[in-house]
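# A structural walkthrough
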Amino acid sequence: MNLRKTEFVLTLIAGITGIIAGITGIASGGILAAFSGSEELSNATSMTATDSEVLVAAGGFAIIFSIIALVLGIALLVFAVLIKRNAKVFGILTLVVGAVGFFLVGLLWIVPGVLAIIAGVMCLARKVETV
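Residues numbered from 1 in each chain as written. Predicted model: local features only at pLDDT ≥ 70, side-chain atom pairs only at ≥ 80, totals over all residues. Heavy atoms only, no water.

## A few points about the pattern of salt bridges
Under the defined criterion, the tally for this structure stands at two salt bridges. Close ionic contact of Arg 4 with Glu 7 constitutes a salt bridge, the shortest N to O distance being 3.1 Å. The buried category is assigned to Arg 4, whose relative accessible area is 10%. The class for Glu 7 is buried, based on a relative accessible area of 0%. A salt bridge links Glu 7 to Arg 126; the shortest N-O distance between them is 2.8 Å. Taken together, the residues span a long stretch of sequence, with Glu 7 in helix H1 (residues 5–36) and Arg 126 in the segment after helix H5 (110–125) at a distance of 119 residues. (Salt bridge = Lys/Arg side-chain N within 4 Å of Asp/Glu carboxyl O. Buried < 20%, exposed > 50% of the residue type's maximum accessible area, 1.4 Å probe, protein only. Helix = DSSP H or I, 4+ residues; strand = E, 2+ residues; numbered from the N terminus.)

## Considerations on the nonpolar core
Grouped together as the largest cluster of nonpolar side chains are 17 residues, with contacts concentrated most on Ala 14, Leu 72, Leu 76, Phe 79, Val 97, Val 105 and Trp 109. Looking at this core, the elements that each hand over two or more residues are H1, helix H3 (49–82), helix H4 (87–105) and H5. For Ala 14, the residues in contact, after removing those within four places along its chain, are Leu 76, Pro 112, Leu 115 and Ala 116. (Core = buried A, V, L, I, M, F, W, Y, C linked by side-chain atoms within 4.5 Å. Contact = heavy atoms within 4.5 Å.)

## Some words on a nonpolar patch on the surface
Residues Phe 102, Phe 103, Leu 107, Ile 110, Val 111, Val 114 and Ile 118 make up a contiguous nonpolar surface patch of about 700 Å² in total accessible area. Secondary-structure elements contributing two or more residues to the nonpolar patch are H4 and H5. Among the elements that make up the nonpolar patch, the one with the highest residue count is H5 (four residues). With respect to the secondary-structure elements, Phe 102 resides in helix H4. Overall, Phe 102 belongs to the partly exposed group, its relative accessible area being 30%. (Patch = residues over 30% accessible without salt bridge, like charges linked within 9 Å, V, L, I, M, F, W, Y side chains within 5 Å. Areas by Shrake-Rupley, 256 points an atom, 1.4 Å probe, with all protein chains shown as cover.)

## Some points on H5
Here H5 is 16 residues long and its end C-alpha atoms lie 22 Å apart, about the 22 Å a rise of 1.5 Å per residue gives. Residues of H5 that are buried: Pro 112, Gly 113, Leu 115, Ala 116, Ala 119, Gly 120 and Cys 123. (Expected span 1.5 Å × (residues − 1).)

## Section: the packing of aromatic side chains
As enumerated under the stated definition, the model contains two aromatic pairs in all. An angle of 45° between the planes, with centres 5.8 Å apart, marks the rings of Phe 79 and Phe 90 as tilted. Taken together, the positions of Phe 79 in helix H3 and Phe 90 in helix H4 put the pair 11 residues apart, joining distant regions of the chain. Like Phe 90, Phe 79 is buried. (Phe/Tyr/Trp six-rings, centres within 6.5 Å; stacked < 30°, edge-to-face > 60°.)

## Quick word on the confidence of the model for the chain
Mean pLDDT over the chain: 86, with 89% of residues reaching 70 or higher. Summarising per-element confidence for the chain, the mean pLDDT is lowest in helix H2 (residues 39–45) (68) and highest in H5 (93). (pLDDT = per-residue confidence, 0-100.)

Pasting the structure below:
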């Protein structure tokens, strides 16, 4: 029997897309931090030194939050493997990870977050019939 197959697949896809979101966020933060110190950008947009420092700090924060989101994506992959052992515990963890990701990387976490929340709710609400 394929018990909890739907939850497994949803959590697996959420983990894979969460890893992609984390990598995308790391790349975006790196690009933001790298371009903020360039002379061409500051001359073309009349940025001050303070503006450039703020962009570097924002890029650094984006990288830090994206690394945490990458770890959450990896955690979702682990939860997908373990979800059949104890559906309630890993359902709650999947639900929490899905919600926390929205606060870390925002719009990049829409697909993995929604899938993880759906999988977590299904783990908590669904009764599996034993044969």
